[in-house]
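One letter stands for each residue in the lines below.
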Amino acid sequence: LFAGECTFYFGSPRIDQLPPIDLPEVAFAGRSNVGKSSLINALTGRKALARASSEPGRTKQLNFFNLSERLALVDMPGYGFAKAAKSVKEDWQETMFAYLRGRTTLERVILLLDARIELKASDKDVMELLDRAAVVFQIVLTKADQVKPGALKKKREEIEALALKHAAAYPRVVVTSSETGEGIEDLRGEIARFARS
Ligand code: GTP
Ligand code: MG
């Protein structure tokens, strides 16, 4: 699946402009700068398929990537960033939430949390939204290369305990680094099960 073609095919700035219902979708959500676009690049083995940047707020629309005509990967704008203008921010968030709540082809949300950072109120809000919408999400810790093994183990245990408290959370947490490739093959396996055969 991940060895095949992966191409950008649709960008949606607004919820009334989504691509037609067709492929099953797996969406990547998380705070701005957590590493969503970088993770999509690591999973697909491309350097710049999804545009990543050290500047938070890089991804400004829902970007749909077609993986081997079998699965869509959806790169979402981040939430919880401080910089963008309020009106712009509200537009993105509204689109993001509407998509998460209402997309019939959405099979799984990969919810990214930065392994270095404490859980924020915005992360909790999104988990509650997914619980309410009954959209199953799997938590992925990012930037594992930036955390010492002991602290990483503790973080993983803490987040696994948190997942158990959320009705829609998949219990298994995957620890990743887009820099070193840690956890990438593991996450490919988790995602591949949603692909059309
Ligand atoms: P928005 O589109 O703004 O919501 O951000 P994003 O979640 O898509 O983050 P992006 O992939 O653009 O990455 C943000 C920054 O984190 C970039 O400078 C990346 O190089 C860096 N980064 C992403 N993943 C990793 C990782 O695994 N390890 C390290 N060390 N840095 C990472
Ligand atoms: Mg991005």
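Residues numbered from 1 in each chain as written. Chains lettered and ligands numbered in written order. Predicted model: local features only at pLDDT ≥ 70, side-chain atom pairs only at ≥ 80, totals over all residues. Heavy atoms only, no water.

Looking at an unreviewed UniProt entry, the protein chain carries the name Probable GTP-binding protein EngB, with the source organism given as Neokomagataea anthophila. One UniProt comment on the protein chain, placed under Function (unreviewed entry), says "Necessary for normal cell division and for the maintenance of normal septation." (UniProt positions renumbered as here; feature names shortened; annotations may be inferred.)

1. A word on the coordination of the magnesium ion (ligand 2)
Within the protein, the magnesium ion (ligand 2) binds to Ser-37 (OG) and Thr-59 (OG1); these donor distances fall in the range 2.0 to 2.2 Å. Separated by 22 residues along the polypeptide, Ser-37 in helix 1 (residues 36–44) and Thr-59 in the loop between helix 1 and strand 3 (62–67) bring together distant segments of the chain. By relative accessible area, which is 7% here, Ser-37 ends up buried. Judged by relative accessible area, Thr-59 falls into the buried class, the value being 10%. (Donors = N, O, S within 2.8 Å, 3.2 Å for Na, K, Ca; no water. Helix = DSSP H or I, 4+ residues; strand = E, 2+ residues; numbered from the N terminus. Buried < 20%, exposed > 50% of the residue type's maximum accessible area, 1.4 Å probe, protein only.)

2. Notes on the site of ligand 1
Lys-36, Ser-38, Gly-57, Thr-59 and Asp-145 are the nearest of the 22 residues found near ligand 1. Take Gly-35: an N or O atom from its main chain is 2.9 Å from an oxygen atom of ligand 1. Between an oxygen atom of ligand 1 and a side-chain N or O atom of Ser-37, the distance comes to 3.0 Å. When isolated, ligand 1 has an accessible area of 660 Å², and the protein chains bury 88% of it. (Near = heavy atom within 4 Å. Polar contact = N/O pair within 3.5 Å; in protein donor to acceptor, adjacent residues only side chain to side chain. Areas by Shrake-Rupley, 256 points an atom, 1.4 Å probe, with all protein chains shown as cover.)

3. Here we look at the confidence of the model for the protein chain
Looking at the protein chain as a whole, the pLDDT averages 93, with 98% of positions reaching at least 70. In the predicted complex, the global pTM is 0.96; the interface-specific ipTM is 0.99. (pLDDT = per-residue confidence, 0-100.)

4. Comments concerning the pairing of strand 5 (residues 106–114)
Counted residue by residue, strand 5 has eight buried out of nine residues, so it is predominantly covered. With six bridges joining them, strand 2 (residues 25–30) and strand 5 adopt parallel strand pairing. Residue pairing in the sheet places Ala-27 in a bridge with Val-109 of strand 5. Both strand 5 and strand 6 (residues 137–142) contribute to a ladder of six bridges, which runs parallel. In the sheet register, Val-109 faces strand 6, and the bridge partner there is Phe-137. Where the polypeptide runs from strand 5 across helix 3 (residues 121–133) and back to strand 6, its parallel neighbour, the crossover connection is right-handed. (Pairing = 2+ DSSP bridges. Right-handed = clockwise from strand over helix to strand, strands pointing away.)

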